[in-house]
Amino acid sequence: MSGRKSEPVYKQNKNQYRLGMSMAVMAVVMLIVVVGSNSISLKAKQMELQKQEQEYEQLIAQEYVRAEELKELATYTKTKKYAEEVAKDKLGLVYENEIIFKESN
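Reference entry: report on the structure contained in this document. These figures come from a predicted structure and were not determined experimentally.

1. Some remarks on the overall build of the protein chain
Assigned secondary structure in the protein chain consists of 2 helices and 0 strands. Each of the 105 residues in the protein chain was classed as buried or not, and the buried ones make up 1%. Entry remark: accessible area of the protein chain is about 10800 Å², with carbon and sulfur atoms responsible for 60%.

Below you can see the structure in the form of structure tokens.
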């Protein structure tokens, strides 16, 4: 026999068990770190997207207001009053009995 004593089998299994458990714990810790970092970046992205959503909702509200103004303008352009204003301002037309006063400098 050589001068070396061999370890009993139950001690070898115990060391392998500890090694396996420590590797499993390391894997779990790494998984927690990865999931945690992804969670933080996703929350930041969520905040950014919520901000964009609010901006878009404001733009939509503004466009609804603008659409209403355009509808009112379309209705107004079909009136006689609008036609008279355009004839006076842009074409310089007046009624026959109308007197125009111009400002002198």
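2. Description of the packing of aromatic side chains
Throughout the structure, instances matching the rule amount to 1 aromatic pair. For the ring pair Y76 and Y82, a centre distance of 5.4 Å and an interplane angle of 70° mean the geometry is edge-to-face.

3. Describing the pattern of salt bridges
For the coordinates displayed, the defined rule picks out 2 salt bridges. With its nearest N and O atoms 3.7 Å apart, the salt bridge here joins R66 to E63. Of this pair, R66 and E63 are both found in helix α1 (residues 9–76), 3 residues apart, which corresponds to roughly one turn of the helix. Given the relative accessible area of 47%, R66 is considered partly exposed. The salt bridge involving K71 is made with E68; its shortest N-O contact spans 3.9 Å. Of this pair, K71 and E68 both sit in helix α1, separated by 3 residues, roughly a single helical turn.

4. A look at a nonpolar patch on the surface
On the surface, V25, V29 and V33 cluster together into a nonpolar patch covering about 250 Å² of accessible area. Counting through the fold element by element, V33 comes out in helix α1. Owing to a relative accessible area of 53%, V33 belongs among the exposed residues under this scheme.

Definitions and cut-offs
Residues numbered from 1 in each chain as written. Predicted model: local features only at pLDDT ≥ 70, side-chain atom pairs only at ≥ 80, totals over all residues. Heavy atoms only, no water. Helix = DSSP H or I, 4+ residues; strand = E, 2+ residues; numbered from the N terminus. Buried < 20%, exposed > 50% of the residue type's maximum accessible area, 1.4 Å probe, protein only. Areas by Shrake-Rupley, 256 points an atom, 1.4 Å probe, with all protein chains shown as cover. Phe/Tyr/Trp six-rings, centres within 6.5 Å; stacked < 30°, edge-to-face > 60°. Salt bridge = Lys/Arg side-chain N within 4 Å of Asp/Glu carboxyl O. Patch = residues over 30% accessible without salt bridge, like charges linked within 9 Å, V, L, I, M, F, W, Y side chains within 5 Å.

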